[in-house]
Amino acid sequence: MSFFSSDWDDEEEEDVFQGDVDAMVREFESKQRIKFSAREWLELYRFYAGQFPTQTGQYRADTYIKIILETAIQQYPYMPIFTLHMVEWLVRDQKYTKARSCINQALQYAPFEPALEFMQALIFGLQGHKKKAMDEVLKVLQNAGEEEAMLEDFLEISLYHGQFDLAMPILEKALDAGAEVSAILEKYIEKAEEGGLIESLLPMIQRIIDQDPYSAEAWYVLGSGHMAKGDHEQALKALDFAITINDNFADAWITYLECIYELGRYEDFIRHYNELQLKFPKKTFAEIEGLLAWSYYEQGDVKTCRTLYKEIIKQQPQDAECWYSMGLTWHYEENYSAAIPYLERAYNLDHFESDYGMVLASAYFGAHMQEKWETLYESLRIEHTSNPEVWLNYSTSLYEIGETGRALEIVETGLQNIPQHCGLLYRLAALCYLSGQASAALFVLEKALEINANEHIQLFTFAPELRHATQILSCISKFTQARTGL
């Protein structure tokens, strides 16, 4: 863990550490030596930080790192790099007060160190003091020079910690300094998507394009950002600029093809893919061969689709998605005996993907293999407790074989894990009504309608006969003003 990437730059230059790091580690761990030079302490830190937490174990590495940094700070208080790394670890553990204390102590020895002041601003932001954080960042940028590596560090740290508002002025300064920042923004697209911050990241990418409208890399990153947002039309426009500027930009072409696929333009996907195969090395588009296969399926060419999937599986036998997709081609034809081996392989390769398990269970159900689908659903309800589709699908299978009581129990258990889920409430209402518990059904139905009345159609999808249940229709009409002819 280290965001101050400029701290590692000497590895690319002639000043590579010439000492025996392994020997130093042995001396440090055995306490044969307690005094090291500043450079040696830095190399020890790098050793453990580079391995954290895989090889040394999280607790052991964490302890050694903090001992190294604390000792180095005591021996070399005028060297801020050790404090900066200590602050990184304290921030990771959300020990903000202690981190600020370390910074204040270091500022006594290096009062004009921009990195220390920046970390101070970052902590203000993490603590929710947004205005104070912004004021501090602006002050740091005003006093700091135009060192590209430092500004890139600041930008990356801000993005990593989700402080996107602080990142924008840093980006402006970095662009003025001529820094290459597109790759940094690309790196954090996924994180922004997960944190619901993609809208905050897109203006930063656009700012790079405003600075250099002929940057194929920037247009590519913008397209990737729109893809993450789910806006495939805007993504396609940006990616079209990227490949127009640089026709040999393979990554941009791959994302362009993915975008076309998501838009359902399967014929265009196949055409572009085959044309690009003549332009680039054969394996350039290996990661999206599965999309090519499914595009043929969507075009009705099932034979070519299956031939391609077989080739991919032969070359990449651990590709769970292709095993699953191959199984789907048979599953959709209700040829469950052909589908099951592929679906089983996909599930065995990746049982954390809930769709793999649910479709396999559905195939078992279609093949009348009750013991298998019941056993699988029991596993899925443990592995994917918070996925409502697991509970809904399980209850449907039980209801279909006449086990209405057990179906009710499954839905009730699902609601214990996902309270107030309208889909589960609608299912519970339907099952109660179908089992003769009309009063309970109407009570549950009202709760579901209060949450989302527009989803009441789920009742009739599951049990079409409820369209003729006067009590059900009357209850729905109170919330939707719908006519009883629903």
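Residues numbered from 1 in each chain as written. Predicted model: local features only at pLDDT ≥ 70, side-chain atom pairs only at ≥ 80, totals over all residues. Heavy atoms only, no water.

Glancing now at the overall build of the chain. Within the chain one finds 28 helices and zero strands. Over its C-alpha atoms the chain spans a radius of gyration of 29 Å, topping by over 25% the 23 Å that the globule rule assigns to 486 residues. If you line up the chain on its principal axes, its C-alpha atoms span 80 × 60 × 50 Å. Partitioning the intrachain contacts of the chain with sequence separation of at least 6 by distance along the chain shows that 55% fall at a separation of at least 24. Surface accessibility of the chain: about 24100 Å² in total, with carbon and sulfur atoms responsible for 48%. When the 40 positive and 76 negative side-chain charges of the chain are each reduced to one mean point, those points stand 4 Å apart. (Helix = DSSP H or I, 4+ residues; strand = E, 2+ residues; numbered from the N terminus. Rg over C-alpha atoms; globule rule 2.2 N^0.38 Å. Contact = heavy atoms within 4.5 Å. Areas by Shrake-Rupley, 256 points an atom, 1.4 Å probe, with all protein chains shown as cover. Lys, Arg positive; Asp, Glu negative; His and termini not counted. Charge placed at Lys NZ, Arg CZ, Asp CG, Glu CD.)

The subject of this paragraph is the packing of helix 17 (residues 289-298) against helix 18 (residues 302-315). Two elements in contact, helix 17 and helix 18, have axes separated by 7 Å at closest approach and are oriented at 160 degrees. In terms of orientation, helix 17 lies roughly antiparallel with respect to helix 18. The interaxial crossing formed by helix 17 with helix 18 has left-handed handedness. On helix 18, the residues that touch Glu289, Gly290, Leu292, Ala293, Trp294, Tyr296 and Tyr297 of helix 17 are Val302, Thr304, Cys305, Leu308, Tyr309 and Ile312. Residues belonging to the contact of helix 17 with helix 18 are distributed by class as follows: ten nonpolar, two polar and one charged. (Axes fitted to C-alpha atoms, helices over the stretch in contact; angles between N-to-C directions. Parallel < 35°, antiparallel > 145°, perpendicular 65-115°, else oblique. Left-handed = near helix turned anticlockwise from the far one by under 90°. Nonpolar A, V, L, I, M, F, W, Y, C, P; charged D, E, K, R; others polar.)

Positive phi values are uncommon outside glycine, yet Lys31 reaches one of about 60 degrees. You can see Lys31 is positioned in the loop between helix 1 (21-29) and helix 2 (38-51). Phi is positive for Glu334, which is not a glycine, with a value near 60 degrees. Looking at the element boundaries, Glu334 is found in the loop between helix 19 (320-331) and helix 20 (336-349).

Inspection of every chain in the model, using the stated rule, returns 21 salt bridges. Among the ionic pairs, Lys66 bridges to Asp62, the shortest N-O distance being 3.6 Å. Of this pair, Lys66 and Asp62 both sit in helix 3 (residues 58-75), four residues apart, which is roughly one turn of the helix. Taken individually, Lys66 and Asp62 each receive the classification buried, so the pair is uniform in this respect. In this structure, Glu156 and Lys187 form a salt bridge, with 2.5 Å as the shortest nitrogen-oxygen distance. Of the two residues, Glu156 is situated in helix 8 (residues 148-160) and Lys187 in helix 10 (residues 182-187); the sequence distance between them amounts to 31 residues. Its relative accessible area of 54% is what places Lys187 among the exposed residues. Counted as one network, the salt bridges with shared partners bring together Asp62, Lys66, Arg92 and Asp93. (Salt bridge = Lys/Arg side-chain N within 4 Å of Asp/Glu carboxyl O. Buried < 20%, exposed > 50% of the residue type's maximum accessible area, 1.4 Å probe, protein only.)

With that settled, consider a negative patch on the surface. A cluster of acidic residues, Glu147, Glu148, Glu180 and Asp212, forms a negative patch on the protein surface. Tracing the backbone shows Glu147 in the loop between helix 7 (130-143) and helix 8. What makes Glu147 partly exposed here is its relative accessible area of 48%. (Patch = residues over 30% accessible without salt bridge, like charges linked within 9 Å, V, L, I, M, F, W, Y side chains within 5 Å.)

Our focus in this paragraph is the environment of Ala235. Within the secondary structure, Ala235 is located in helix 14 (residues 232-245). Between the C-alpha atoms of Ala235 and Ala106, which are 129 residues apart in sequence, the distance is 46 Å. Aside from chain neighbours lying at most four places away, what touches Ala235 is Gly223, His226, Met227 and Cys259.

Another point: the state of the cysteines. Applying the stated criterion across every chain yields a total of zero disulfides. Residue Cys422 stays outside any disulfide, its sulfur separated by 14 Å from that of Cys475, the closest cysteine. On the basis of relative accessible area, Cys422 is assigned to the buried category, the value being 14%. Summary of cysteine pairing: Cys432 is not part of a disulfide, and the nearest cysteine sulfur, belonging to Cys475, is at 13 Å. Relative accessible area serves as the criterion here: at 5%, Cys432 is assigned to the buried category. (Disulfide = S-S within 2.5 Å.)

Attention shifts here to the nonpolar core. By size, the foremost hydrophobic cluster in this structure holds 176 residues, and its most contacted members are Trp41, Phe82, Leu159, Leu201, Phe285, Leu445 and Leu459. Among all residues touching Phe82, those that are not within four sequence positions of it are Ala38, Trp41, Leu42, Leu69, Ala72, Ile73 and Tyr76. (Core = buried A, V, L, I, M, F, W, Y, C linked by side-chain atoms within 4.5 Å.)

A cluster of nonpolar residues, Tyr214, Phe241 and Ile245, forms a patch on the protein surface that exposes about 350 Å² of accessible area. Looking at the secondary structure, you find Phe241 in helix 14.

End to end, helix 19 covers 16 Å across twelve residues, agreeing with the expected 16 Å (1.5 Å per residue, within 8%). Those residues of helix 19 not exposed but buried are Ala320, Cys322, Trp323, Tyr324, Ser325, Met326, Gly327, Leu328, Thr329 and His331. Contacts made by the buried residues of helix 19 are with helix 17, helix 18, helix 20 and helix 21 (354-366). Of the residues that open helix 19, the one with a side-chain oxygen 3.2 Å from the backbone nitrogen of Glu321 is Asp319. (Expected span 1.5 Å × (residues − 1). Polar contact = N/O pair within 3.5 Å; in protein donor to acceptor, adjacent residues only side chain to side chain.)

Summarising the element assignment, Phe17 is placed in the segment before helix 1. With near-sequence residues (within four places) excluded, Phe17 lies in contact with Met24, Arg39, Glu40 and Glu43.

Further remarks concern the confidence of the model for the chain. Per-residue confidence for the chain averages 91 on the pLDDT scale, and 94% of its residues sit at or above 70. For residues 8-13, every residue scores under 50 in pLDDT, and the model assigns this stretch nine contacts once sequence neighbours within four places are set aside. Note that pLDDT drops below 50 for residues 482-486; the model gives that stretch six contacts with residues more than four away or on any other chain. (pLDDT = per-residue confidence, 0-100.)

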